[in-house]
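Below are the chains, spelled out letter by letter.
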Amino acid sequence: MSEQIPIIPDDWLVIAYTEYGRWYEIPGVGISIRYARELHYNDIITMVQKRKYTLDSNNKLVPTSVIELWIRKKRG
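Residues numbered from 1 in each chain as written. Predicted model: local features only at pLDDT ≥ 70, side-chain atom pairs only at ≥ 80, totals over all residues. Heavy atoms only, no water.

Draft legend 1. View of the nonpolar core. Of all hydrophobic cores here, the largest spans 12 residues; its members are Ile-8, Ile-15, Ala-16, Ile-31, Ile-33, Tyr-35, Ala-36, Leu-39, Ile-45, Met-47, Leu-69 and Ile-71. Contributions of two or more residues to this core are made by strand 1 (13-19), helix 1 (33-41), strand 3 (45-55) and strand 4 (61-73). Each residue touching Ile-71, except ones within four places of it in the same chain, is listed here: Pro-9, Asp-11, Trp-12, Leu-13, Ile-15, Ile-31, Ala-36, Ile-45, Thr-46 and Met-47. (Core = buried A, V, L, I, M, F, W, Y, C linked by side-chain atoms within 4.5 Å. Buried < 20%, exposed > 50% of the residue type's maximum accessible area, 1.4 Å probe, protein only. Helix = DSSP H or I, 4+ residues; strand = E, 2+ residues; numbered from the N terminus. Contact = heavy atoms within 4.5 Å.)

Draft legend 2. Region of the structure containing the sheet that holds strand 4. In spatial order, the strands read 2-1-4-3; together these 4 strands make up an open sheet with antiparallel pairing. The open sheet has two edge strands with one neighbour each: strand 2 (22-25) and strand 3. Put simply, the sheet's adjacent strands are angled 30° from each other on average, direction ignored. Alignment of strand 3 against strand 4, held across 10 bridges, turns out to be antiparallel. (Pairing = 2+ DSSP bridges. Axes fitted to C-alpha atoms, helices over the stretch in contact; angles between N-to-C directions.)

Draft legend 3. Broad picture of the pattern of salt bridges. Applying the stated criterion across every chain yields a total of 2 salt bridges. Here Asp-43 and Lys-74 are joined by a salt bridge, their closest N and O atoms 3.2 Å apart. Of this pair, Asp-43 sits in the loop between helix 1 and strand 3 while Lys-74 sits in the segment after strand 4, placing them 31 residues apart in sequence. Lys-52 is the partner of Glu-68 in a salt bridge, and the nearest nitrogen-oxygen pair spans 3.9 Å. Residue Glu-68 is located in strand 4, and its partner Lys-52 is located in strand 3; the two are separated by 16 residues in the primary sequence. (Salt bridge = Lys/Arg side-chain N within 4 Å of Asp/Glu carboxyl O.)

Put into structure tokens, the structure is as follows:
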């Protein structure tokens, strides 16, 4: 039985998020944090962390406590 390798997107895809220091994988994505780190280590993907922002009543960006883990295929 062969292991199914997930498709790595050409565009950015969020696979997990953290709030107050604990990481949570997003269900249904099919790529775990551990697998993404292995792909990043082997120079297959680009992986970044991005803080989430919301708009306040004055239409100004306000940072939230949520940080997302984004991946995409390595370019170039």
